[in-house]
Amino acid sequence: MKLIDMTVDTLISQARSPVANPGGGATLILISNLAMNLALMMDKKDWGEFEKDAKVSRETILNMSDMYKSYMQDDVENFNDLVKAYKSGTANQEDYVKASEPLVRMVETNIKILQEISFFLEHGKSTTLVDGQVANDLLMQTILSAIPTIKLNMGATDVRIDYEAYINTSRDLYNRNKEIIERRMQ
């Protein structure tokens, strides 16, 4: 069954089963998707002079949210393909890279989302600022949690990724967002 077709109850039950549907990667992608949508709780009916910027940020987040649905399923399928290849002794670099792709895309997209949600944190409804804080925290944590899996898979390849750049960029954005939140909560 595809992840997108599962009920929440089924998804939770599947997460504790020995099959990777969802596994850790797909779960991180799901959490990221929920986090970015939490930021949209800060949306307003009337943005005044910021209406155009709000529309662009909202549409960007919604488009990325839709992409994450396929990232989740890709993670499950690509990991299962890697396991099959590994068990048959035919696993190669391409299998490991393919298994890492959904998480790499998630990390890169989460960084973009950390940029996008700053608009909502700065100008959105203050009554839902705590939801923005949860979104900021979860987006950062899912990036940090994805790195070890990506490193493990990519370690079997010649492909090199600048993990420190991912971490430093995301921390800078996270901290900037945190400063906005703290300023608005005073």
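In what follows, the structure referred to is the one given above.
Let us look at the structure shown here. Bear in mind the structure is a predicted one, so any value in this text is a computation, not a measurement. (Residues numbered from 1 in each chain as written. Predicted model: local features only at pLDDT ≥ 70, side-chain atom pairs only at ≥ 80, totals over all residues. Heavy atoms only, no water.)

1. A short note on the overall build of the protein chain
Under the convention used in this document: Secondary structure elements are defined from DSSP: runs of H or I of at least 4 residues count as helices, runs of E of at least 2 residues count as strands, and each element is numbered from the N terminus. Throughout, exposure labels follow a simple rule: accessible area from a 1.4 Å probe, protein chains only, divided by the maximum for the residue type, with under 20% read as buried, over 50% as exposed, and the rest as partly exposed. In this description, contact between two residues means that some pair of their heavy atoms is separated by no more than 4.5 Å.
Helix and strand counts for the protein chain stand at six helices and zero strands. Counting from the amino terminus, helix and strand elements in the protein chain follow one another as α-α-α-α-α-α. The dimensions of the protein chain, computed from C-alpha atoms along their principal axes, are 60 × 35 × 25 Å. Sorting the 186 residues of the protein chain into buried and exposed places 42% on the buried side. Contacts in the protein chain between residues far apart in sequence, at least 24 positions, make up 79% of those at least 6 positions apart.

2. Overview of the packing of helix α5 (residues 129-154) against helix α6 (residues 163-185)
Operational definition: For every element, the axis is a line fit to its C-alpha atoms; helices are fit only across the contacting stretch, and the angle between N-to-C directions ranges from 0 to 180 degrees. Orientation is classified from the angle alone, with under 35 degrees giving roughly parallel, over 145 giving roughly antiparallel, 65 to 115 giving roughly perpendicular, and any other angle giving oblique. Lys, Arg, Asp and Glu make up the charged group, whereas Ala, Val, Leu, Ile, Met, Phe, Trp, Tyr, Cys and Pro make up the nonpolar group; the residues left over, Gly among them, are polar.
Packing of α5 against α6 leaves a shortest axis separation of 10 Å and a crossing angle of 170°. Of the possible angle classes, the one that applies to α5 and α6 is roughly antiparallel. The residue makeup of the contact of α5 with α6, split by class, is 14 nonpolar, five polar and five charged.

3. What about the packing of helix α3 (residues 51-88) against helix α4 (residues 93-123)?
Cut-off, in case you're wondering: Whether a crossing is left-handed or right-handed is set by the direction in which the near helix is turned from the far one by less than a right angle, anticlockwise for left-handed and clockwise for right-handed.
Viewed as axis vectors pointing N to C, α3 and α4 meet at an angle of 160°, and their least axial separation amounts to 8 Å. Our classification of the angle between α3 and α4 gives roughly antiparallel. Here α3 and α4 pass one another in a crossing that is left-handed. Among the residues making up the contact of α3 with α4, the classes are represented as 18 nonpolar, five polar and ten charged.

4. A word on the packing of aromatic side chains
Put simply, the rule is: Stacked, tilted and edge-to-face are the three classes applied to pairs of Phe, Tyr and Trp rings, where Trp contributes its six-membered ring and a pair requires centres within 6.5 Å; stacked means planes under 30 degrees apart, edge-to-face means over 60, and tilted covers the rest.
Taken as a whole, this structure holds five aromatic pairs when the rule is applied. Ring geometry for Trp47 and Phe119: centres 5.0 Å apart, planes at 35°, overall tilted. Placement of the pair is Trp47 in the loop between α2 (24-39) and α3 and Phe119 in helix α4, with a sequence separation of 72 residues. Geometrically, the ring pair formed by Phe119 and Phe120 is edge-to-face, given 5.5 Å between the ring centres and 85° between the ring planes.

5. Some words on the side chain of Ser65
For the record, the criterion: Polar contact criterion, stated in full: a pair of N or O atoms within 3.5 Å, where within protein one must be able to donate a hydrogen and the other to accept it, and residues adjacent in sequence count only if both atoms are side-chain atoms.
Secondary-structure assignment places Ser65 in helix α3. In this structure Ser65 comes out as buried when scored by relative accessible area, which is 8%. In terms of polar contacts, Ser65 uses its side chain to reach the side chain of Asn33, at 2.6 Å. Look past the residues within four positions of Ser65 in its chain and what remains in contact with it is Asn33, Met36 and Asn37.

6. Considering the nonpolar core
The cut-off we apply is this: Here the nonpolar core consists of buried residues drawn from Ala, Val, Leu, Ile, Met, Phe, Trp, Tyr and Cys, with membership extended through side-chain atoms lying within 4.5 Å.
With 45 residues, the main nonpolar core has Met106, Val107, Ile117 and Ile150 as its most contacted residues. Only α2, α3, α4, α5 and α6 provide two or more residues apiece to this core. If you tally residues by element for this core, the top one is α4, at eleven residues. Not counting the four nearest positions on each side in its chain, Met106 is found in contact with Leu28, Ile29, Ser32, Tyr68, Tyr71, Thr142, Ile143 and Ala146.

That is the geometry; function is a separate question.
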